[in-house]
Amino acid sequence: MKKLLGLTLDGLRDVAAEVGLRPFAAKQMAAWLYQKRVTDIDAMTDLPKRARQALAERYIVGREQPLVEMRSTDGTAKYLFAGVGGRDVEAVYIPDRERATLCVSSQAGCRMGCLFCMTGRGGYQGNLDAGAIINQVLSIPESESLTNIVFMGMGEPTDNLPAVMAAIEILTAPWGLAWSPKRITVSTIGKLDGLRELLEKTKVHIAVSLHTPFAEQRRSIMPVEKAYALTDVIKLLRAYDWSGQRRLSMEYTMFAGMNDDDRHADALARLLRGLHARVNLIRFHRIPGFDGAPTDVRAMERFRDRLNEAGITATIRASRGEDIMAACGMLAGKKKEQAADSQTSNNTEK
């Protein structure tokens, strides 16, 4: 059975034609899916009963509840959803005063291979479709109270751009959730073609995973630098106006003794000088298989202050949810290991 969830208005028009409905029925279906948030086709009561029956023979709504829920003492919640290729995916809910942010995944795993990322270390299993992305938004208990969406979960959004673009359309279109694009941020390692398309076709905020200003060091921890040099990414970003409502941020995870000294701060300031961008300094969450250690708070504050003195706006992002493995990929990885251990145990018993 095919899913209705994740279809844009064009896709729903095709579905309407398939079951003998007029094109305007696409907007009716969209309203039921994304505004009234039904989970059953029979609930679409302004469609003729015969059409609903025809729909139900070929389609399901496609909503799925989380498989696992974990809650932190700081209010952060982590949800595990069914993924693809045998790997589940994660969404993280982060409440912060008047903001309620959901971090969504776009892929099961990731093929970018960043050494410090648990998701990347687990390999790539497949792309999520737009329905699986939107399902994360609609199927958590806090769905109705969300104020922001960030594509910063498992996967590289520009490596699954068609589904991400469809999800953004559903989130922002009047017939969808009708959100302002200012409520959405897409994080990317900097694949130039995908980044350019995001910049040209959407008005969402952009966050670039930077982590070091030095090309050689970046190549050693982020293989993408070999194909898409950070200098080329910065050059592309400079071609756009960031002085208005659209926001550009640079994500900089800090590792003790690796990228947290004055030399790195000064080089980062030179790289970004004249670009209207904020640097988010992120405390590293330890992961298995990577020797990097978190930078201490005082060193992070010195780094931040040095950037600010150089004219670069920098802030330290509050660390959230460490007690529930909030780093991307850790919960999915643990569940996969448990499943493998269970299978091994069953095979041994046989």
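Note that this is a predicted model, so its numbers are computed, not measured.

Novice: How would you explain the packing of helix 6 (residues 161-172) against helix 7 (residues 192-201) if you had to name every residue and give the values?
Specialist: Packed helix pairs are characterised by how far apart their axes lie and by the angle those axes make with each other. The N-to-C vectors of helix 6 and helix 7 enclose an angle of 20 degrees; their axes lie 11 Å apart at closest approach. As judged from the angle between their axes, helix 6 and helix 7 are roughly parallel. Read as a crossing pair, helix 6 and helix 7 show a hand that is right-handed. The segment helix 6 lies against helix 7, with L161, M165 and I168 engaging G194, E197, L198 and K201. In the contact of helix 6 with helix 7, the residues fall into four nonpolar, one polar and two charged.

Novice: Quick one: what's the story with the state of the cysteines, residue by residue and with numbers?
Specialist: Summed over all chains, the structure comprises zero disulfides. In this structure C117 is not part of a disulfide, and its nearest cysteine sulfur, from C114, lies 6.2 Å away.

Novice: Before we move on, can you summarise unusual backbone geometry with the specific residues and values?
Specialist: If you check the backbone angles, R37 has positive phi at about 60 degrees while not being a glycine. Structurally, R37 is set in the loop between helix 2 (25-35) and helix 3 (49-58). For R37, a relative accessible area of 18% translates into the label buried. Its identity is not glycine, yet A178 carries a phi of approximately 60 degrees, on the positive side. With respect to the helices and strands, A178 occurs in the loop between helix 6 and strand 10 (184-188). Judged by its relative accessible area of 47%, A178 is partly exposed.

Novice: I'd like to hear about the pattern of salt bridges, residue by residue, with values.
Specialist: Summed over all chains, the structure comprises 18 salt bridges. Of the charged contacts, one joins E90 and K78 as a salt bridge, the two residues approaching to 3.0 Å between their closest N and O atoms. With E90 in strand 5 (residues 87-96) and K78 in strand 4 (residues 77-84), the pair connects residues that are twelve residues apart, well separated along the chain. Judged on exposure class, the residue E90 and its partner K78 are both buried. Where R97 meets D96, a salt bridge forms, and the shortest distance between an N and an O atom there is 3.5 Å. When its relative accessible area of 76% is taken as the criterion, R97 is described as exposed. Here D96 falls in the partly exposed class, since its relative accessible area comes to 32%.

Novice: I'd like to hear about the confidence of the model for the protein, residue by residue, with values.
Specialist: In regions of low pLDDT, the predicted coordinates are not meant to be interpreted in detail. The predicted model of the protein averages 92 in pLDDT, with 91% of residues at 70 or higher. Predicted confidence is poor over residues 336-350, with pLDDT under 50, and the contacts of this stretch with residues over four places away or in other chains come to one contact.

Novice: Describe the packing of helix 7 against helix 10 (residues 230-237), listing the residues and the values that go with them.
Specialist: Axis separation between helix 7 and helix 10 bottoms out at 11 Å; the angle between their running directions is 15 degrees. In terms of orientation, helix 7 lies roughly parallel with respect to helix 10. Along this stretch, helix 7 crosses helix 10, giving a crossing that reads as right-handed. Between helix 7 and helix 10, the residues in contact are L192, L195, R196 and L199 and D232, V233, L236 and L237, respectively. Class assignment of the residues belonging to the contact of helix 7 with helix 10 gives a composition of six nonpolar, no polar and two charged.

Novice: Help me get a handle on the pairing of strand 12 (residues 248-254), residues and values and all.
Specialist: Taking burial as the measure, the seven residues of strand 12 include seven buried ones, the bulk of the element. Across the two faces of strand 12 the burial is the same, with L248, M250, Y252 and M254 and S249, E251 and T253 all buried. As paired strands, strand 11 (residues 205-209) and strand 12 are joined by four bridges and run parallel to one another. Each residue of the ladder has a partner; that of A207, found in strand 12, is S249. When strand 12 meets strand 13 (residues 278-283), the two strands line up parallel, connected through six bridges. Note on strand 13: the bridge partner recorded for Y252 is L281. The handedness of the strand 12 to strand 13 crossover, carried by helix 11 (residues 262-272), is right-handed.

Novice: Provide a residue-level description of the side chain of D260, including the pertinent values.
Specialist: Tracing the backbone shows D260 in the loop between strand 12 and helix 11. Although D260 is buried, it forms no salt bridge, and the closest oppositely charged side chain is R302 at an N-O distance of 6.8 Å. Only 3.1 Å separates the side chain of D260 from the backbone nitrogen of G257, close enough to count as a polar contact. Only 2.9 Å separates the side chain of D260 from the side chain of T295, close enough to count as a polar contact. Every residue in contact with D260, bar those within four places of it in the chain, is listed here: M254, F255, T295 and F303.

Novice: Break down the nonpolar core for me, citing the residues and quoting the values.
Specialist: Ranked by size, the top nonpolar core spans 91 residues in total, and within it Y34, F151, L237, M250, L272 and V279 carry the most contacts. With eight residues, the top contributor of residues to this core is helix 6. The contacts of L237, once residues within four sequence positions are left out, are L195, L199, V208, W242, L248, M250 and L275. Core analysis: the second largest hydrophobic core is formed by 13 residues, M118, I189, I221 and I287 among them.

Novice: Outline the sheet that holds strand 4, supporting the account with residue identities and numerical values.
Specialist: Pairing in this open sheet of ten strands is mixed, and the strands run 3-4-5-6-9-10-11-12-13-14 from one edge to the other. The open sheet has two free edges, formed respectively by strand 3 (68-71) and strand 14 (313-317), since each of these has just one partner strand. With direction set aside, neighbouring strand axes in the sheet form an average angle of 25 degrees. Pairing of strand 9 (residues 148-151) with strand 10, which is carried by three bridges, proceeds in the parallel orientation. Across the sheet, F151 pairs through a bridge with V186, a residue of strand 10.

Rules of the game
- Residues numbered from 1 in each chain as written.
- Predicted model: local features only at pLDDT ≥ 70, side-chain atom pairs only at ≥ 80, totals over all residues.
- Heavy atoms only, no water.
- Axes fitted to C-alpha atoms, helices over the stretch in contact; angles between N-to-C directions.
- Helix = DSSP H or I, 4+ residues; strand = E, 2+ residues; numbered from the N terminus.
- Parallel < 35°, antiparallel > 145°, perpendicular 65-115°, else oblique.
- Left-handed = near helix turned anticlockwise from the far one by under 90°.
- Contact = heavy atoms within 4.5 Å.
- Nonpolar A, V, L, I, M, F, W, Y, C, P; charged D, E, K, R; others polar.
- Disulfide = S-S within 2.5 Å.
- Buried < 20%, exposed > 50% of the residue type's maximum accessible area, 1.4 Å probe, protein only.
- Salt bridge = Lys/Arg side-chain N within 4 Å of Asp/Glu carboxyl O.
- pLDDT = per-residue confidence, 0-100.
- Pairing = 2+ DSSP bridges.
- Right-handed = clockwise from strand over helix to strand, strands pointing away.
- Lys, Arg positive; Asp, Glu negative; His and termini not counted.
- Polar contact = N/O pair within 3.5 Å; in protein donor to acceptor, adjacent residues only side chain to side chain.
- Core = buried A, V, L, I, M, F, W, Y, C linked by side-chain atoms within 4.5 Å.

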